[in-house]
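# Coordinates in review
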Amino acid sequence: MRSTIKLGKISGIEIGLHYSWFIIAALIVFSLGEHFHQVNPEWGTGKIWITALVTAALFFVTLLLHELAHSLVAQRRGLRIRAITLFALGGVSQIEDDATDAKTEFWVAIAGPITSLMIGFGCLAIAMGLGWHRSTEPQTAVTGVLVWLGYINIALALFNMIPGFPLDGGRVLRSIIWGITKNADRSTRIAARIGQVVALLFILDGIWQFFSGAGFGGLWIAFIGWFLMDAAKASYAEVGVREELRGIRVSDVMSRDCIIVNCGMSLQDFVDTYLLMTGQRCYAVEDHGRLIGLITPRDVGTVPRNGWGSITVREAMRPLADLHIISPDTPILDALKLMARNDVNQLPVVADGTLQGMVSRAQIVRLLQVPSMLQLPTTYRPTPQRKGRELRKSA
Ligand SMILES: [Zn+2]
């Protein structure tokens with residue numbers, strides 16, 4: 001989600017527009033222009049295209065309102081929101097925390113479709129107030145815009161209520177099962193299974209329609225089904241990962257053989273003695289036994305080579321204050337979240353100001369691969385008894 005245009009903030013939530021959205025906006029403008037051209041040719045070219053543009057812009061606003069509804073409800077229930085991004089297929093609210101109870105999950109999920117439904121019926125009601133009759137083509141530009149927005153928002157609400165992840169309906173279903181079973185993981189599994197059944201029905205229906213002559217429309221339904229099937233499988237697998245990592249702490253997986261270098265050393269010495277000799281990616285910098293920062297080959301690369309003799313490791317490193325550190329007893333799931341949130345691949349593990357080790361995404365991924373390599377049953381639970389090795393120290 002890097003290629004987004006930042007539009008500003010609403011209630012502290014960053015609003016972004018992904019470039020792919022312009023493709024859909026252009027498609028909407030052209031198909032609407034075409035439509036108005038056929039139904040209201042007397043409007044003239046200028047009016048037709050302005051109406052189409054205004055409709056696309058307002059559609060963007062209604063999509064944003066849908067996402068804002070999710071985010072604002074989440075915010076009121078104490079969850080942190082990172083950003084809202086609008087892209088080709090709709091919008092995503094990046095909610096940082098998982099809902100801690102079924103009720104929160106339910107209201108956060110249903111807030112979006114409810115908003116779209118209200119906008120939809122609201123638009124149609126205003127259009128009727130302005131003289132539009134149902135099952136007729138709107139005659140004025142204003143009613144034309146309102147009727148299109150009305151139907152598209154109702155369609156959006158209904159589509160989003162399909163009970164499959166990651167659609168809102170999947171989350172609503174999960175929250176209801178969660179409320180009944182009182183078990184978050186089980187509810188995700190059941191909701192994901194139901195999502196797969198719904199997805200399969202979409203695929204079968206799409207194929208059926210395709211062969212009964214619906215052509216592209218049938219394929220489109222099958223495509224949506226395939227997309228839902230994939231998403232349901234992913235959320236099912238995610239629960240497995242979460243269960244496997246539950247109870248594992250950072251101290252269980254962190255690497256303890258992190259190399260420690262003295263802050264007074266020149267970059268030239270550091271490169272010659274450590275970087276070129278050990279090939280490690282990350283080094284801890286200490287000052288009188290206390291961790292003060294980290295230095296990586298990338299940090300060295302930012303310093304011009306002729307400065308390596310006069311610049312010390314301390315000057316080139318990233319100081320502790322700029323780093324996200326983690327304590328050894330942090331659950332590994334929280335470490336993963338912290339890495340994702342800050343877009344880093346490793347975190348220094350620190351206790352009482354001294355470095356205990358490093359934990360990286362790669363380590364956690366390897367940890368997840370071991371049980372399947374050994375073909376252990378998923379129910380197998382180890383009993384950790386090992387003691388940590390000492391850190392490898394050097395001057
Ligand atoms: Zn939604």
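Rules behind the numbers
Sequence order as written defines the numbering, with residues in each chain counted from 1. This being a predicted model, a pLDDT of at least 70 is required before a residue's local features are given, and a value of 80 or more before pairs of side-chain atoms are given or counted; all residues contribute to the totals for chains, interfaces and linings. Excluding hydrogens and water, the side-chain values take into account all heavy atoms of the structure. By definition, any uninterrupted DSSP run of H or I lasting at least four residues is a helix, any uninterrupted run of E lasting at least two residues is a strand, and each is numbered from the N terminus. Helix span, expected: 1.5 Å multiplied by one less than the number of residues in the helix. The angle between axes fitted to the seven residues ending at a residue and the seven residues starting there is what we call the bend at that residue. Only N, O and S atoms count as donors, using a 2.8 Å cut-off from the metal and 3.2 Å for Na, K and Ca, and because water is excluded some sites may appear unfinished. Irregular is the label for any site that misses the other tests, which are tetrahedral for four donors with all angles between 85 and 135 degrees, and square planar for four donors or octahedral for six when opposite donors exceed 155 degrees and the remaining angles lie between 65 and 115. Accessible area is worked out with a 1.4 Å probe on protein chains only. A residue is then buried under 20% of its type maximum, exposed over 50%, and partly exposed in between. Here, any two strands with at least 2 DSSP bridges between them count as paired. Here the term right-handed applies to a crossover when the path leading from its first strand over the helix to its second strand runs clockwise, the strands being oriented away from the viewer. Structural elements are reduced to axes, namely lines fitted to C-alpha atoms, with helices fitted over the stretch in contact, and the angle between N-to-C directions of any two is expressed from 0 to 180 degrees. The contact rule is simple, with two residues in contact once any of their heavy atoms fall within 4.5 Å. Note on terminology: a nonpolar core comprises buried Ala, Val, Leu, Ile, Met, Phe, Trp, Tyr and Cys residues joined through side-chain atoms within 4.5 Å. Along the chain, pLDDT gives the predictor's confidence residue by residue, from 0 to 100. Here the word oblique covers every angle except those under 35 degrees (roughly parallel), over 145 (roughly antiparallel) and from 65 to 115 (roughly perpendicular). By convention, the crossing between two helices is left-handed when the near helix turns anticlockwise from the far helix through less than a right angle, and right-handed when the turn is clockwise. Charged residues are taken to be Asp, Glu, Lys and Arg, nonpolar residues to be Ala, Val, Leu, Ile, Met, Phe, Trp, Tyr, Cys and Pro, and polar residues to be all remaining types, Gly included. Pairs of N or O atoms within 3.5 Å make up the polar contacts considered here, provided that, within protein, one atom can donate a hydrogen while the other can accept it, and that residues adjacent in sequence are counted only when both atoms are side-chain atoms.

### Some thoughts on helix α3 (residues 102-129)
Taking 1.5 Å per residue as the helical rise, α3 with its 28 residues ought to reach 40 Å, and the 40 Å between its terminal C-alpha atoms agrees with that figure. Of all bends in α3, the biggest is about 30°, found at alanine 111, and the proline proline 113 comes one to four residues later. Positioned one or two residues after α3, glycine 131 has a phi angle of 105°, which is positive.

### A look at the coordination of the zinc ion
In this structure, His66 (NE2), His70 (NE2), Asp168 (OD) and Asp168 (OD) serve as the protein donors to the zinc ion, at separations of 2.0 to 2.7 Å. Given four donor atoms and angles of 53 to 153° at the metal, the environment of the zinc ion is assigned as irregular. Look at where the donors of the zinc ion fall in the sequence and you get H-x3-H-x97-D. Highlighted residues: histidine 70 in helix α2 (residues 45-76) and aspartate 168 in helix α5 (residues 168-181), separated in sequence by 98 residues. Relative accessible area serves as the criterion here: at 8%, aspartate 168 is assigned to the buried category.

### Quick look at the pairing of strand β5 (residues 259-262)
Pairing geometry for β5 and strand β6 (residues 283-287), over four bridges, is parallel. Counterpart to asparagine 262 in the pairing with β6 is glutamate 286. Running through helix α9 (residues 267-278), the crossover from β5 to the neighbouring parallel element β6 is right-handed.

### Focus on the sheet that holds strand β2 (residues 13-18)
Hydrogen bonds along the backbone pair up the strands of a sheet, which may run parallel or antiparallel. Pairing is mixed in the open sheet, where four strands are placed in the order β1-β2-β3-β4. In this open sheet, the two strands that pair with only one neighbour each are β1 (4-10) and β4 (90-95). When strand polarity is set aside, the average angle formed by the axes of neighbouring strands in this sheet is 20°. The pairing of β1 with β2 spans six bridges and is antiparallel. Each bridged residue has a counterpart across the sheet, and for threonine 4 the counterpart in β2 is histidine 18. Along the sheet face, α2 touches β1, β2, β3 (81-87) and β4 and points at about 160° away from the line of β3.

### Some thoughts on the nonpolar core
Formed by 39 residues in total, the largest nonpolar core has its most connected members in Trp21, Leu63, Leu64, Ile84 and Leu86. Broken down by secondary-structure element, the contributors of at least two residues to this core are β2, α1 (20-39), α2, β3, α3 and α4 (141-160). For leucine 86, the contacting residues outside a window of four places in its chain are Gly16, Leu17, His18, Trp21, Phe60, Leu63, Leu64, Glu67 and Gly91.

### Some words on α1
The terminal C-alpha atoms of α1 lie 29 Å apart, and with 20 residues this matches the ideal 28 Å at 1.5 Å per residue to within 8%. Every buried residue belonging to α1 is among Ser20, Trp21, Ala25, Ile28, Val29, Leu32, Gly33 and Phe36, and all of these are buried. Those residues of α1 hidden inside the fold are in contact with β2, α2, β3 and α4.

### A look at the confidence of the model for the protein chain
Per-chain confidence: the protein chain averages 83 in pLDDT, with 93% of residues scoring 70 or above. Confidence scores differ between elements of the protein chain, with helix α13 (residues 361-373) showing the lowest mean pLDDT of 74 and α3 the highest of 93. Long-range and interchain partners of residues 386-390, a stretch whose pLDDT sits below 50, account for seven contacts in this model, where long-range means more than four residues apart.

### Considerations on unusual backbone geometry
With a phi close to 55°, serine 11 is a non-glycine residue in the positive phi region. Looking at the secondary structure, you find serine 11 in the loop between β1 and β2. We classify serine 11 as partly exposed; its relative accessible area is 45%. Phi angles above zero are rare outside glycine, and lysine 182 is one such case at about 60°.

### Things to note about the packing of helix α6 (residues 184-214) against helix α7 (residues 216-245)
Following both chains from N to C, one finds α6 and α7 inclined at 165°, their axes separated by 7 Å at the closest point. The angle between the axes of α6 and α7 places the two elements in the roughly antiparallel class. The two elements α6 and α7 meet at a crossing, and its hand is left-handed. Grouping the constituent residues of the contact of α6 with α7 by class yields 19 nonpolar, 10 polar and seven charged.

### Description of the sheet that holds β5
Pairing is mixed across the open sheet formed by four strands, whose spatial order is β5-β6-β7-β8. Looking at the sheet topology across the chains shown, the edges are occupied by β5 and β8 (318-319). As paired strands, β6 and strand β7 (residues 290-295) are joined by five bridges and run antiparallel to one another. Within β7, the residue paired with valine 285 across the bridge is glycine 293.

### Description of the side chain of histidine 66
Along the chain, the position of histidine 66 falls in helix α2. Reaching out from histidine 66, the side chain makes a polar contact with the backbone oxygen of glycine 112 at a distance of 3.2 Å. Residues in contact with histidine 66, not counting those within four places in the same chain, are Gly112, Pro113, Thr115, Ser116, Asn160 and Asp168.

### Examining the packing of α2 against α4
Two elements in contact, α2 and α4, have axes separated by 10 Å at closest approach and are oriented at 35°. In this structure, α2 meets α4 at a crossing whose hand is right-handed. Counted together, Lys47, Thr51, Thr55, Leu58, Phe59, Thr62, Leu63 and His66 of α2 and Ala141, Val145, Trp148, Leu149, Ile152, Asn153, Leu156 and Asn160 of α4 form the full contact between these two elements. Among the residues making up the contact of α2 with α4, the classes are represented as nine nonpolar, six polar and one charged.

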